[in-house]
Each structure stands twice: as C-alpha cells, then as structure tokens.
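Now for the letters of each chain:
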Amino acid sequence: MHSENPGFDPKNIEKLELELSRSGKNYKIIPDEGNSEEFVNFWFIGMYEGKKVIYDAALYTLRLHHSSEVYELAEHEAAKKFPNFKGINYEEDEEGNLKPLSSEEEEIGWFITEIIMELEEEEAVKVQEFIDLDTNHDYGIGLDAALNVDEINDKVISKFVVEFNEDTLVLDDTLYSFQTEEDEI
C-alpha cells in the first residue's frame, strides 16, 4: 500500500527533513490559493506505524469549519427548494468584473443567505475541534484538523506539529456555534 505513495518514500522524507532544517521550521507551507489567516495547507514529518512519513495537513479555524458546515446545509436546503440548483457560478467579463447573476441565481443566493442567517441565529450548527487522518491519501497521510483559534499562523502550526508528534495534543470537545460578523455580509 505505502510503497507507491511518495509521502512514505525515505528519499522524499530526507529531502523534506533537509528543507525543514534549513528553514528552521517543523513544517513547510504548500502554496495553495486557499491559504489564508483561517486555513493553511502544509507538510510535516511524523511517525505512522513506527515509520517516518510526510503528513499533508490542512489546518483551519473552527470558525471557518463552522461557516463551511452552515453553507453546505444552506446549499442543501436550496437544492430542495430549487430543483435546477447546481451551485452558483460567478463569471467574469473581459475586464475581470463579475457578470450579473441570472434572476434565478440571484433568488437562490438570497435564499441561501436567509438560511445561513437563520441557522446562525438559531445556533443550529455546532462544531468542535477535530483531527481526521486519511491513510489512503495520494501523498503521505492526509490530515484535516480544525482548532478553536482566531487565525492559523506560524506559532499555531508549529505548536500543532509538536503536540501532534509528541501525542500531547488535547482537542477541545466543547460544541461551538458562530455568527457571521457584520462586515462579512
């Protein structure tokens, strides 16, 4: 199983170890257009079944995880109400400006916004910190994790890697719900 996976290849692990020692960090950020203050994709070296492996990690804030869950639920409700709904596609014109949505897409957009506001107001969606491992990942072991922090920064990532590797990471099992901040609407 692991022999074809390049994240288990000792040459790749050695190469990443060298890169990490040169950078002085215990992780390497993977360029990803989705990387932000609330989400970062990175690699780090850890152990799995007694062997070194590269973890391909996606670490995000609990607030972002909550927003994703709420949006997914709102889209599901929109799909039930609008049988033709396949998602809203924003297109750009030649100057890079967004083209106007069709009247149906606009109606669906407003419906989704209302559902999101209702779900948040009712605190219908609750989330907690978690880690999911994917041992059938295409590069090393996939790791998704959400932490209740304001932002994902160097300090948070570094601490996460150390605690994960030392098996001292303690996840908060409290259920949280978040409200969209006014400036996000």
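Fair warning: this is a prediction, and the values are worked out from it, not measured in the lab. Think of each chain on its own: its residues are numbered from 1, step by step along the sequence as written. Owing to the predicted nature of the model, reporting of local features is limited to residues with pLDDT of at least 70; listing and counting of side-chain atom pairs is limited to 80 or more, with chain, interface and lining totals taken over all residues. Calculated side-chain values reflect all of the structure's heavy atoms, with hydrogen atoms and water omitted.

1. With respect to the packing of aromatic side chains
Alright, step 1. Side-chain rings of Phe, Tyr and Trp (the six-membered ring for Trp) are treated as a pair once their centres are within 6.5 Å; stacked means planes under 30 degrees apart, edge-to-face means over 60, and tilted covers the remaining angles. Inspection of the entire model under this criterion finds 13 aromatic pairs.
Alright, step 2. Aromatic pair Trp 43 and Tyr 139: ring centres 4.7 Å apart, planes at 15°, arrangement stacked. Linking Trp 43 in strand 2 (residues 39-48) with Tyr 139 in the loop between strand 4 (130-134) and strand 5 (141-147), this pair joins segments that are 96 residues apart in sequence.
Alright, step 3. Residue classification places Tyr 139 among the buried positions, given a relative accessible area of 17%.
Alright, step 4. On the numbers, 5.1 Å between centres and 75° between planes, the contact of Tyr 55 with Phe 164 is edge-to-face. Here Tyr 55 is found in strand 3 (residues 51-61), whereas its partner Phe 164 is found in helix 4 (residues 154-165), with 109 residues between them in sequence. Across the pair, Phe 164 and Tyr 55 agree in class, each one buried. Secondary structure is summarised from DSSP: a helix means a run of H or I of at least four residues, a strand means a run of E of at least two, and numbering begins at the N terminus for each. For the exposure calls, accessible area comes from a 1.4 Å probe over protein chains only, and a residue counts as buried if that area is under 20% of its type's maximum, exposed if over 50%, partly exposed in between.

2. Overview of the nonpolar core
Alright, step 1. Residues enter a nonpolar core if they are buried and are Ala, Val, Leu, Ile, Met, Phe, Trp, Tyr or Cys, with the set joined through side-chain atoms within 4.5 Å. Ranked by size, the top nonpolar core spans 21 residues in total, and within it Tyr 60, Ala 78, Phe 82, Phe 85, Ile 108 and Ile 112 carry the most contacts.
Alright, step 2. Of all elements in the fold, only strand 3, helix 2 (62-81) and helix 3 (103-121) reach the threshold of two or more residues within this core.
Alright, step 3. Take this core: its biggest share by element is six residues, from helix 3.
Alright, step 4. Excluding anything up to four places from it in sequence, Phe 82 contacts Glu 107, Ile 108 and Phe 111.
Alright, step 5. The next biggest cluster of nonpolar side chains, apart from the first, holds 20 residues, and it includes Ala 57, Leu 59, Leu 147 and Phe 164. Every residue pair with non-hydrogen atoms within 4.5 Å of one another is taken to be in contact.

3. Notes on the pairing of strand 2
Alright, step 1. Counting buried residues along strand 2, eight of its 10 residues qualify, which places the element largely inside the surrounding structure.
Alright, step 2. When DSSP locates at least two bridges between a pair of strands, those strands are taken to pair. Here two bridges tie strand 1 (residues 28-29) to strand 2, and the two strands are oriented antiparallel to one another. Pairing of Ile 29 across the sheet is with Phe 42, part of strand 2.
Alright, step 3. Bridge count between strand 2 and strand 3: 10 bridges; the pairing is antiparallel. Bridge assignment links Gly 46 to a residue of strand 3, and that residue is Val 53.
Alright, step 4. Connecting the antiparallel pair strand 2 and strand 3 is a turn made up of two residues, with Glu 49 showing a positive phi of about 50°.

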